[in-house]
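Coordinate analysis (summary)
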Amino acid sequence: MGTINDWDWETGEKRAPIGTWRDRFEWVEEPHVSPDGENIAAIVRLEEEGFTVCINGETWESPFEKIWNLRFSPDGRLCALVSVDGEWTMAVDGIPWENRFDYAWNPLFSKDGQSIAMAFQQGGEYGMALNDIPWENRFGNMTNPTLCPLGDQTAATVQTIRLNEGEIFKFEEGAFTSAQNGNAWAINFMNVWKSVFSPDGKQVAAEVRLNRYDYTIAVDGTPWPQTFKSVWEPVFHPTRKTVIAPARQQSGWTLYENGSPLWQSRFLQLWQQQFSQDGNNIAAVVAPKFGKWTVAVNDRPWPITVGELITDVVFSPDGQHVAAIAKDKDKWTIVVDGKAWNRTFDRVWTPVFSPDSRHVAAKVEEQGRYTFALDGSIWNRSCEATWSPVFQPIGNNVLLRTIENQQYVRRIVSMDTFWG
């Protein structure tokens with residue numbers, strides 16, 4: 001597939017009929033499209049042989065007993081969890097991994113798509129597999145599987161001490177910890193939630209519960225000395241290698257850095273913190289008042305609030321603008337720098353900034369049909385399905401992927417002439 005700069009940004013339209021797939025197969029599941037828009041695929045049911053995947057009208061060479069969780073990796077490979085002789089594994093472009101498991105779930109991809117991980121269960125024990133190499137150590141329980149952004153390590157919350165029903169005191173003593181590449185921290189906690197890697201993959205942090213009342217963040221198995229009434233998922237600072245997490249004290253929620261307050265304001269809720277690429281700015285979803293949601297950037301809340309939901313906070317490439325999804329009175333829209341688009345929708349998806357940080361686009365839904373919006377203006381087509389728009393990194397074009405009248409359409413359009 002090449003890098004995004006290598007994609008075809010010149011050809012206006014490419015079309016592929018997919019309506020005929022339903023005539024060829026017993027049934028066709030939800031379609032998926034590659035990041036570059038060149039391929040469309042779906043799990044299909046054969047009459048007697050089982051299941052396979054149809055990609056651009058061609059099927060994988062060998063069928064499988066069952067297939068689920070079909071996805072394109074960021075580098076364009078087509079991946080799915082498949083059943084072979086009653087066991088599960090990962091198949092990449094139709095070729096299954098050598099290792100087999102009793103069950104597999106939650107496929108994960110590195111940022112560049114070169115590494116693929118998944119969670120598995122084998123013989124009543126749980127672990128993770130990375131590029132067809134499973135953990136040597138297995139655990140009685142496992143949650144929140146995670147892949148390092150660099151793609152060379154995995155982590156998850158694991159249970160290291162078996163508990164029988166009613167063993168509440170044993171539970172309070174701690175039976176859970178984080179494991180990296182199958183190696184558990186030396187310390188157990190009452191609860192552990194999601195583990196996150198530092199950008200260089202050398203550290204792992206997790207939100208932990210010390211006892212019935214106290215919560216904190218642990219980094220490489222060492223808890224912060226400060227404890228809190230509650231905490232949410234931590235993140236590593238992109239450049240300082242410190243750990244930032246939302247935490248609550250009696251006065252309310254704020255952001256802490258390595259256990260010390262980073263922000264001075266206190267909120268009724270705070271979570272989903274995001275950094276700009278350069279690490280100079282940080283934004284988070286906050287509730288200044290009960291039932292009122294907004295975004296705070298560098299401890300300064302937007303003036304706008306909504307009553308139902310704020311989510312999917314995104315920084316612009318230059319780090320100077322922030323967009324987010326907002327839901328209020330059962331209608332959805334995009335808010336940019338504290339100002340909502342004039343138009344609302346039945347649903348919106350994660351906003352996407354243009355490379356110059358001047359424009360925001362998103363996939364939207366209206367009356368059961370799908371289209372696109374740019375800076376609040378609607379595209380002039382209504383589609384059976386769409387995927388998030390992709391801006392050309394250098395240039396003025398946008399890649400749009402749609403299904404219209406049972407045809408898959410890949411379009412390259414100019415922002416100057418397209419939106420209206």
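Everything quoted here is computed from the prediction, not taken from an experiment.

Quick notes on the packing of aromatic side chains
Overall, the coordinates contain 20 aromatic pairs when judged by the stated rule. The interplanar angle of 20° and the centroid separation of 6.2 Å between the aromatic rings of Trp68 and Tyr103 together place this pair among those described as stacked. Remark: Tyr103 occurs in strand β11 (residues 103–109) and Trp68 occurs in strand β7 (residues 66–72); sequence separation between them is 35 residues. For Tyr103, a relative accessible area of 36% translates into the label partly exposed. Their ring planes at 25° and their centres at 6.1 Å tell us that Tyr103 and Trp105 sit as a pair that is stacked. Among the aromatic residues, those joined into a cluster by ring pairs are Trp68, Trp88, Tyr103, Trp105 and Tyr126. Its guanidinium or amino end placed over the ring of Trp349, Lys363 lies 4.2 Å from that ring's centre, counting from NZ or CZ.

A look at the layout of surface pockets
Estimates place the volume of the second largest pocket at around 170 Å³. Ile18, Gly19, Trp21, Arg22, Val28, Glu29, Pro31, Ile40, Ala42, Glu384, Ile403 and Gln406 together form the lining of the second largest pocket. Counting residues per element, the ones that place at least two in the lining of the second largest pocket are α1 (21–24) and β4 (40–45). Within the lining of the second largest pocket, the residues separate by chemical class into 7 nonpolar, 2 polar and 3 charged.

Considering unusual backbone geometry
Positive phi, normally seen in glycine, also occurs at Asn106, with a value near 55°. Among the secondary structure elements, Asn106 is positioned in strand β11. According to the relative accessible area criterion, Asn106 is partly exposed, its value standing at 28%. One non-glycine residue with positive phi stands out, namely Asp330, at about 65°.

Some remarks on the nonpolar core
If you look at the biggest cluster of nonpolar residues, it comprises 15 residues, and the most contacted ones within it are Ile334, Trp341, Phe345, Val348 and Val360. Looking at this core, the elements that each hand over two or more residues are β33 (322–328), β34 (331–336) and β38 (360–366). Those residues in contact with Trp341 that sit more than four places away from it in its chain are Thr333, Ile334, Val336, Val360, Ala362, Ala373, Asp375 and Gly376.

Re the environment of Trp68
We classify Trp68 as partly exposed; its relative accessible area is 31%. For the pair formed by Trp68 and Ala80, sequence separation is 12 residues and the distance between their alpha carbons is 6.0 Å. If near-sequence neighbours (up to four positions away) are discounted, Trp68 is found in contact with Ile43, Ala80, Leu81, Trp88, Tyr103, Ala104 and Trp105.

Observations concerning the pattern of salt bridges
Opposite charge on two side chains makes pairing possible when the charged atoms of those side chains draw close. Within the structure shown, the criterion is met by 16 salt bridges. One salt bridge connects Glu308 with Lys327, and the closest N-O pair in it is separated by 3.6 Å. Of this pair, Glu308 sits in the loop between β31 (300–301) and β32 (309–315) while Lys327 is found in strand β33, placing the two residues 19 residues apart along the sequence. A salt bridge links Lys331 to Asp346, with the nearest nitrogen and oxygen atoms 2.8 Å apart. Linking Lys331 in strand β34 with Asp346 in the loop between β35 (339–340) and β36 (347–348), this pair joins segments that are 15 residues apart in sequence. Among the charged side chains, a network of salt bridges with common partners joins Glu13, Arg15, Arg381, Glu404 and Arg411.

Some remarks on the side chain of Asp75
Here Asp75 lies in the loop between β7 and β8 (78–84). What makes Asp75 buried here is its relative accessible area of 17%. Among the polar contacts listed, one links the side chain of Asp75 to the side chain of Ser73, at a separation of 2.2 Å. Within polar-contact distance, the side chain of Asp75 engages the side chain of Arg77 at 3.2 Å. Excluding residues within four positions of it along the chain, Asp75 makes contact with Met1, Asp112, Gly113 and Gln114.

Considerations on the side chain of Asp132
Residue position: Asp132 is located in the loop between β13 (125–130) and β14 (133–134). No salt bridge is formed by the buried Asp132; its nearest oppositely charged neighbour, Arg100, is found at 6.5 Å. A polar contact of 2.9 Å, which involves the side chain of Asp132, links it to the backbone nitrogen of Glu98. If near-sequence neighbours (up to four positions away) are discounted, Asp132 is found in contact with Trp97, Glu98 and Asn99.

So, how was this worked out
- Residues numbered from 1 in each chain as written.
- Predicted model: local features only at pLDDT ≥ 70, side-chain atom pairs only at ≥ 80, totals over all residues.
- Heavy atoms only, no water.
- Phe/Tyr/Trp six-rings, centres within 6.5 Å; stacked < 30°, edge-to-face > 60°.
- Helix = DSSP H or I, 4+ residues; strand = E, 2+ residues; numbered from the N terminus.
- Buried < 20%, exposed > 50% of the residue type's maximum accessible area, 1.4 Å probe, protein only.
- Lys NZ or Arg CZ within 6 Å of the ring centre and 35° of its normal.
- 1 Å grid on protein atoms, 1.4 Å probe; cavity = no way out; pocket = protein on both sides within 12 Å on 5 of 7 lines; lining within 4 Å.
- Points joined across faces, edges and corners; volume = space filled by probe spheres on them.
- Nonpolar A, V, L, I, M, F, W, Y, C, P; charged D, E, K, R; others polar.
- Core = buried A, V, L, I, M, F, W, Y, C linked by side-chain atoms within 4.5 Å.
- Contact = heavy atoms within 4.5 Å.
- Salt bridge = Lys/Arg side-chain N within 4 Å of Asp/Glu carboxyl O.
- Polar contact = N/O pair within 3.5 Å; in protein donor to acceptor, adjacent residues only side chain to side chain.
- Lys, Arg positive; Asp, Glu negative; His and termini not counted.

In short, shape yes, function no, at least from these values alone.
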